[in-house]
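# Close look at the chain arrangement
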Amino acid sequence: QVQLVESGGGLVQAGGSLRLSCTASGGTYAMGWSRQAPGKERDVVAALSWSGGNTYYKSSVNGRFTISRDSAKNTVYLQMNSLKPEDTAVYYCGAALSLSRLSRGTMDYWGKGTLVTVSS
């Protein structure tokens, strides 16, 4: 069983930056971040293969968000720059058997989420 714990959410002004962290335990998987805004479906916005060699980004965050991992610390990060009010959501760290599953929006495991609020 994979356990995932997110941290790093908060309130930031538009144009600012935040870095989310996710500590994982229980196995080796492709890792990703999804988000869910009020009244909207959850979308995977960034994902990383188990090896770290391949990534996926939703078009709306490509060029602004960067996903990375520190294998020694079993931690995955989401660096979010140039934040916009429409980035406001609960962000979930997740894991899946493959990057392709994450890119199709499927997470096999996920954490409890952390709230990111971007003010205009």
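In what follows, the structure referred to is the one given above.
Being a predicted model, the structure only gives us computed values, none of them experimental.

### Some remarks on the pattern of salt bridges
- Scanning all chains against the criterion turns up four salt bridges.
- Ionic pairing is found between R64 and D87, a salt bridge with its closest N-O pair at 2.8 Å. Of this pair, R64 sits in the loop between β6 (55–57) and β7 (65–70) while D87 sits in the loop between β8 (75–80) and β9 (89–96), and the two are 23 residues apart along the sequence.
- Under the relative-accessibility criterion, D87 is labelled buried at 0%.
- A salt bridge links R101 to D108; its shortest N-O distance comes to 2.6 Å.
- Judged by its relative accessible area of 26%, R101 is partly exposed.
- The network of salt bridges with common partners includes R35, R64 and D87.

### Examining the sheet that holds strand β1 (residues 3–7)
- Read across the open sheet, the four strands follow the order β1-β3-β8-β7; overall the sheet is antiparallel. Taken across any chain shown, the strands that pair with only one partner, and hence form the sheet edges, are β1 and β7. Taking each pair of neighbouring strands and ignoring which way they run, the sheet shows an average axis angle of 20°.
- In this sheet, β8 lies alongside β7 in antiparallel orientation, the contact comprising six bridges. Bridged to T66 within β8 is Q79.

### What about the packing of aromatic side chains?
- Scanning the entire structure with this criterion turns up one aromatic pair.
- A ring pair is formed by Y29 and Y109, whose centres lie 5.6 Å apart and whose planes are at 65°; its orientation type is edge-to-face. Within this pair, whereas Y29 is found in the loop between β3 (18–25) and β4 (30–36), its partner Y109 is found in strand β10 (residues 109–110), the two being separated by 80 residues in sequence.
- Lying over the aromatic face of Y92, R42 brings its terminal NZ or CZ to 3.6 Å of the ring centre.

Quick notes on the rules
Residues numbered from 1 in each chain as written. Predicted model: local features only at pLDDT ≥ 70, side-chain atom pairs only at ≥ 80, totals over all residues. Heavy atoms only, no water. Salt bridge = Lys/Arg side-chain N within 4 Å of Asp/Glu carboxyl O. Helix = DSSP H or I, 4+ residues; strand = E, 2+ residues; numbered from the N terminus. Buried < 20%, exposed > 50% of the residue type's maximum accessible area, 1.4 Å probe, protein only. Pairing = 2+ DSSP bridges. Axes fitted to C-alpha atoms, helices over the stretch in contact; angles between N-to-C directions. Phe/Tyr/Trp six-rings, centres within 6.5 Å; stacked < 30°, edge-to-face > 60°. Lys NZ or Arg CZ within 6 Å of the ring centre and 35° of its normal.

Keep in mind these values describe shape, not function.
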